Amino acid sequence: MTRLALLGRDGVILKVQTGGICSLDEMQIIPGSLEAIARLNHAGYRVAVTSNQPALEEGRLDIDTLNAIHARLNELLTRVGGHLDALLVCPHRGTATCGCHKPDSGLFEEIAHRLEIPLKGVPLFGDDTADVEAARRIGAQPFLVATGNGRQTHQIHSDLPLFDDLPHAVSELLDHR
Ligand SMILES: [Zn+2]
């Protein structure tokens, strides 16, 4: 059986920057996150990343810069033996009715379609309320991480366990479930 893990980008893999990551200089890896992705790969999980990037429609981020950020991310991930099976972005403003802005399910449905894996019960690693709410809409299992906005999100979703970071959450999935 092919398994799938869904990950947020900012706050899970990359450090959150106010206003979003709009240049390569603002791209900082959260320690251990790339190795955790490689661990998921090696355990047989396809790994798909989704991200809201309203800075694109707002004109503060251009597509070439976004591509450069993702190329760099993929390069660094390759160095630790990991890879992403999908990396999908909503480029719209938060107020858009595009259907792909998390917590809407559009990006996740696209992943399920591309990878031909149903979403029900899959782990979704995220740090913000949009991730948690998206997980509930698509029937995924939220893993809330304390990096990024995770601690604030935990105040709203205090029923969920809060993991220190992606490596700890991945350990819980792989070692205890
Ligand atoms: Zn969108």
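In what follows, the accompanying structure is described. None of these values were measured; they are calculated from a predicted model.

The rules behind these values
Residues numbered from 1 in each chain as written. Predicted model: local features only at pLDDT ≥ 70, side-chain atom pairs only at ≥ 80, totals over all residues. Heavy atoms only, no water. Phe/Tyr/Trp six-rings, centres within 6.5 Å; stacked < 30°, edge-to-face > 60°. Helix = DSSP H or I, 4+ residues; strand = E, 2+ residues; numbered from the N terminus. Buried < 20%, exposed > 50% of the residue type's maximum accessible area, 1.4 Å probe, protein only. Donors = N, O, S within 2.8 Å, 3.2 Å for Na, K, Ca; no water. Tetrahedral: all angles 85-135°; square planar, octahedral: opposite > 155°, others 65-115°. Pairing = 2+ DSSP bridges. Salt bridge = Lys/Arg side-chain N within 4 Å of Asp/Glu carboxyl O.

What to know about the packing of aromatic side chains
Argument step 1. One pass over the full model with this rule turns up 2 aromatic pairs.
Argument step 2. Seen in terms of ring centroids, Phe 125 and Phe 143 are 4.9 Å apart; in terms of plane orientation they differ by 35°. Their pairing is tilted. With a gap of 18 residues between them, Phe 125 in strand 4 (residues 123-126) and Phe 143 in strand 5 (residues 141-145) connect regions that are remote in the sequence.
Argument step 3. What makes Phe 143 buried here is its relative accessible area of 1%.
Argument step 4. Look at Phe 143 and Phe 163: their rings are 5.7 Å apart centre to centre, the planes differ by 25°, and that puts the pair in the stacked class. Highlighted residues: Phe 143 in strand 5 and Phe 163 in strand 6 (residues 162-163), separated in sequence by 20 residues. Of the two residues, Phe 143 and Phe 163, neither departs from the other in class, the shared state being buried.

Re the coordination of the zinc ion
Argument step 1. At this site the zinc ion is bound by Cys 90 (SG), His 92 (ND1), Cys 98 (SG) and Cys 100 (SG), with donor distances of 2.0 to 2.3 Å.
Argument step 2. Coordination geometry of the zinc ion: the 4 donor atoms subtend angles of 98 to 115° at the metal centre, consistent with an arrangement described as tetrahedral.
Argument step 3. The partly exposed category is assigned to His 92, whose relative accessible area is 24%.

Structural notes on unusual backbone geometry
Argument step 1. Note the cis peptide between Lys 102 and Pro 103, where omega equals 20°.
Argument step 2. Here Pro 103 is to be found in the loop between strand 3 (86-90) and helix 3 (106-115).
Argument step 3. Non-glycine residue Glu 116 carries a positive phi angle of around 55°.
Argument step 4. Along the chain, Glu 116 falls in the loop between helix 3 and strand 4.
Argument step 5. Residue class for Glu 116 comes out exposed when judged on its relative accessible area of 70%.

Structural notes on the pairing of strand 3
Argument step 1. With burial as the criterion, only one face of strand 3 is covered, namely that bearing Ala 86, Leu 88 and Cys 90; the residues Leu 87 and Val 89 on the opposite face remain uncovered.
Argument step 2. When strand 2 (residues 45-52) meets strand 3, the two strands line up parallel, connected through 5 bridges. By the bridge assignment for strand 3, Ala 48 is matched with Ala 86.

Details of the environment of Thr 97
Argument step 1. Inspection of the secondary structure assignment puts Thr 97 in the loop between strand 3 and helix 3.
Argument step 2. By relative accessible area, Thr 97 is classed as exposed at 80%.
Argument step 3. In the structure, Thr 97 is positioned 32 residues away from Thr 65 in sequence and 25 Å away in space, judged by C-alpha atoms.

Quick word on the pattern of salt bridges
Argument step 1. Using the criterion set out here, one finds 11 salt bridges in the structure.
Argument step 2. Arg 39 is the partner of Asp 175 in a salt bridge, and the nearest nitrogen-oxygen pair spans 2.9 Å. On the criterion of sequence distance, the pair formed by Asp 175 in helix 6 (residues 166-176) and Arg 39 in helix 1 (residues 33-42) is long-range, its members being 136 residues apart.
Argument step 3. When its relative accessible area of 34% is taken as the criterion, Arg 39 is described as partly exposed.
Argument step 4. Across the pair Arg 93 and Glu 57 runs a salt bridge whose closest N-O atoms are separated by 3.3 Å. Highlighted residues: Arg 93 in the loop between strand 3 and helix 3 and Glu 57 in the loop between strand 2 and helix 2 (63-79), separated in sequence by 36 residues.
Argument step 5. A residue is classified by how much of its surface remains accessible, and Arg 93, at 38% relative accessible area, is partly exposed.

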